[in-house]
Amino acid sequence: MKKILFLVTILAIVLTAAACGASEGTSDATNNAAVETSSADAKELKLTASNWAFDKAEYKVAVGEPVNFSIENAEGFHAFKIKELGIEIDQSTPKQFTINEAGTYEIKCSIQCGSGHKDMISTLVVE
């Protein structure tokens, strides 16, 4: 009985330590590359989605400029995610972010929307 109690205790310690360590570095966003903001003079960036494409292959914004991200579904039901920036937008929750790092970021539909879902990709260029 003491051996079983000892093994259960060791297992609990190992699992707790593994869970604590797993939380580090699991965020999609990179070191505050995009910060949620609430500026009155933000640029509007609305992606219009249909089956199975966004209205533009590329969208551009300026580094440090507050941007109101939103999506309009012209056909089907879609949302989008910019994984590297930790941005997720659906039709009911537009959000504002300021992007602090120049670069090219992949925009992907984040709702399984049918046979063309894997091809529903666009690009955000931050200059």
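Placed above this text is the structure.
Residues numbered from 1 in each chain as written. Predicted model: local features only at pLDDT ≥ 70, side-chain atom pairs only at ≥ 80, totals over all residues. Heavy atoms only, no water.

A tally of helices and strands in the protein yields one helix and 10 strands. From first element to last, N terminus to C terminus, the protein shows the α and β order α-β-β-β-β-β-β-β-β-β-β. Of all intrachain contacts in the protein linking residues separated by at least 6 positions in sequence, the fraction that spans at least 24 positions is 67%. Carbon and sulfur atoms make up 56% of the accessible area of the protein, which amounts to about 7,900 Å² in all. (Helix = DSSP H or I, 4+ residues; strand = E, 2+ residues; numbered from the N terminus. Contact = heavy atoms within 4.5 Å. Areas by Shrake-Rupley, 256 points an atom, 1.4 Å probe, with all protein chains shown as cover.)

All right, on to the sheet that holds strand 10 (residues 121-126) then. In spatial order, the strands read 4-10-9-6-7; together these five strands make up an open sheet with mixed pairing. Each having just a single partner strand, strand 4 (58-61) and strand 7 (87-89) make up the two edges of the open sheet. The average undirected angle you get between the axes of adjacent strands in this sheet is 20°. Pairing analysis gives six bridges linking strand 9 (residues 103-109) to strand 10, with the strands arranged antiparallel. In the sheet register, Thr104 faces strand 10, and the bridge partner there is Val125. (Pairing = 2+ DSSP bridges. Axes fitted to C-alpha atoms, helices over the stretch in contact; angles between N-to-C directions.)

This part covers the sheet that holds strand 8 (residues 95-99). Taking strand neighbours across the sheet as the criterion, the five strands line up as 1-8-5-2-3 in an open arrangement whose pairing is mixed. Unpaired on one side and paired on the other, strand 1 (34-36) and strand 3 (53-54) mark the two borders of the sheet. Two strands pair when backbone bridges link them, and strand 2 (residues 43-50) and strand 5 (residues 66-73) are joined in this way by seven bridges, in the parallel orientation. Directly across from Thr48, in strand 5, lies its bridge partner Glu72.

Ranked by internal contacts, the top residues of the largest apolar core, which has 25 residues, are Phe54, Phe69 and Leu124. Contributing elements (two or more residues each) for this core: strand 2, strand 4, strand 5, strand 6 (80-82), strand 7, strand 8, strand 9 and strand 10. Apart from residues no more than four positions distant in its own chain, Leu124 is found in contact with Leu45, Tyr59, Val61, Phe69, Ile82, Leu85, Ile99, Gly103, Thr104, Tyr105 and Ile107. (Core = buried A, V, L, I, M, F, W, Y, C linked by side-chain atoms within 4.5 Å. Buried < 20%, exposed > 50% of the residue type's maximum accessible area, 1.4 Å probe, protein only.)

This paragraph deals with the side chain of Ser70. Its place among the elements puts Ser70 in strand 5. Leaving out residues up to four positions away in the same chain, Ser70 has contacts with Leu45, Lys46, Leu47, Phe80, Ile89 and Pro94.

On the secondary structure map, His117 appears in the loop between strand 9 and strand 10. Taking relative accessible area as the criterion, His117 reaches 16% and is therefore assigned buried. A polar contact of 2.9 Å, which involves the side chain of His117, links it to the backbone oxygen of Ile111. If sequence neighbours within four positions are ignored, His117 has contacts with Trp52, Cys109, Ser110, Ile111 and Gln112. (Polar contact = N/O pair within 3.5 Å; in protein donor to acceptor, adjacent residues only side chain to side chain.)

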